[in-house]
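# Examination of the molecular architecture
These are the residues of each chain, in order.
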Amino acid sequence: MRHWIFWMIAGIISLVGGVLALANPLAASLTAEILVGWSFVLIGLIVAISAFRDQGWGARLSLLLLGVLFLLLGISLLANPLQGMLALTYTIAIMLMMAGLFRLILAFRAEFRPFRWIMIASAALSIILALMIFSNFPQSAAVVLGVYLAIELISNGVSLIVIALARKSIVKSLR
C-alpha cells in the first residue's frame, strides 16, 4: 500500500491517453485496430504452438486450425487496417445490438422486476448506440473504436487515481 504513487502515475497516464484519444479519434481507432491485429497474431501463435503439446490428434488438429485462423485474422487486420476498422466497427455494432436485445429480454424476467427500468434503459442505450453506428456506416468506423478506446482509458484512469488516493489515505491512517 505504500506504493500508491505508482497507481497514481498509471491513472494519470491512462487519463491523458484517453483525452488524447478523444482529441483524435481516427488515430485512436487505427491504434485500436492495430492492437487488436497484433493481439490476434500473438494469440494465434500461442494457440498453434500449444497444439503440439496437447494429447490426441483431434485436439491437436483443432487447436492448430484455431491458431492458424487467429494468426490469419491478425495478419489480415495488420495488412488492411482500414478494412479492419470497418469490420471491427460492424462487429461492435452487432454485439451492441445483441447485448441490448438480450438485456431487454432479461428485463421482463421475474427475478429482474426490481431492476426492470435500469435493465430497459441499459438495453435501450446499447440498441441506440448500435443503430447510430449502423445509420452512419461506414463513416462511423473512423471514430467509433477511437471514442470507445478514449472512454475506456479515461474511465480506467479515473479508477486508478481513486485507487491511489484510497491507498494513500490508508497509508496515512496506519502512521
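Look above for the structure.
Now for a look at the structure at hand. In every chain, residue numbers begin from 1 and rise along the written sequence. For a predicted model such as this one, the threshold for reporting local features is a pLDDT of at least 70, and the threshold for listing and counting side-chain atom pairs is 80 or more; totals across whole chains, interfaces and linings nevertheless cover every residue. Each side-chain value is derived from all of the structure's non-hydrogen atoms; neither hydrogens nor water enter the calculation.

## Considering the overall build of the protein chain
Helix and strand definitions follow DSSP, with helices as H or I runs of at least four residues and strands as E runs of at least two, each counted in order from the N terminus. When helices and strands are tallied, the protein chain shows six helices and zero strands. The secondary structure elements of the protein chain, listed N-terminal to C-terminal, are α-α-α-α-α-α. Radius of gyration here uses only the C-alpha atoms, and the compact-globule reference equals 2.2 Å multiplied by the residue count raised to the power 0.38. At 21 Å, the protein chain has a C-alpha radius of gyration far larger than the 16 Å of a compact globule built from 175 residues. Counting only C-alpha atoms, the protein chain reaches 60 × 40 × 40 Å along its principal axes.

## A closer look at the environment of Gln139
Tracing the sequence through the fold places Gln139 in the loop between α5 (116-135) and α6 (144-174). What makes Gln139 exposed here is its relative accessible area of 51%. A sequence separation of 36 residues divides Gln139 from Arg103, and the C-alpha atoms of the two residues are 28 Å apart. Think of it in three bands: with a 1.4 Å probe and only protein chains considered, a residue is buried below 20% of the maximum accessible area for its type, exposed above 50%, and partly exposed in between.

## Concerning the nonpolar core
Counting seven residues, the largest nonpolar core is built from Ala93, Leu96, Met97, Ile127, Ala130, Ile133 and Val144. The set of elements that each furnish at least two residues to this core consists of α4 (81-107) and α5. Throughout, a contact is declared for two residues whenever any of their heavy atoms are within 4.5 Å. Apart from the residues within four sequence positions on either side, Met97 is in contact with Ile127, Ala130, Leu131 and Phe134. Remark: nonpolar core denotes a set of buried residues (Ala, Val, Leu, Ile, Met, Phe, Trp, Tyr, Cys) joined through side-chain atoms within 4.5 Å.

## Some thoughts on the environment of Met98
By the element assignment, Met98 lies in helix α4. Each C-alpha atom of the pair Met98 and Arg60 lies 33 Å from the other, and the pair is 38 residues apart in sequence.

## Focus on unusual backbone geometry
A cis geometry characterises the amide bond from Phe137 onward to Pro138, with omega recorded as 10°. Here Pro138 shows up in the loop between α5 and α6.

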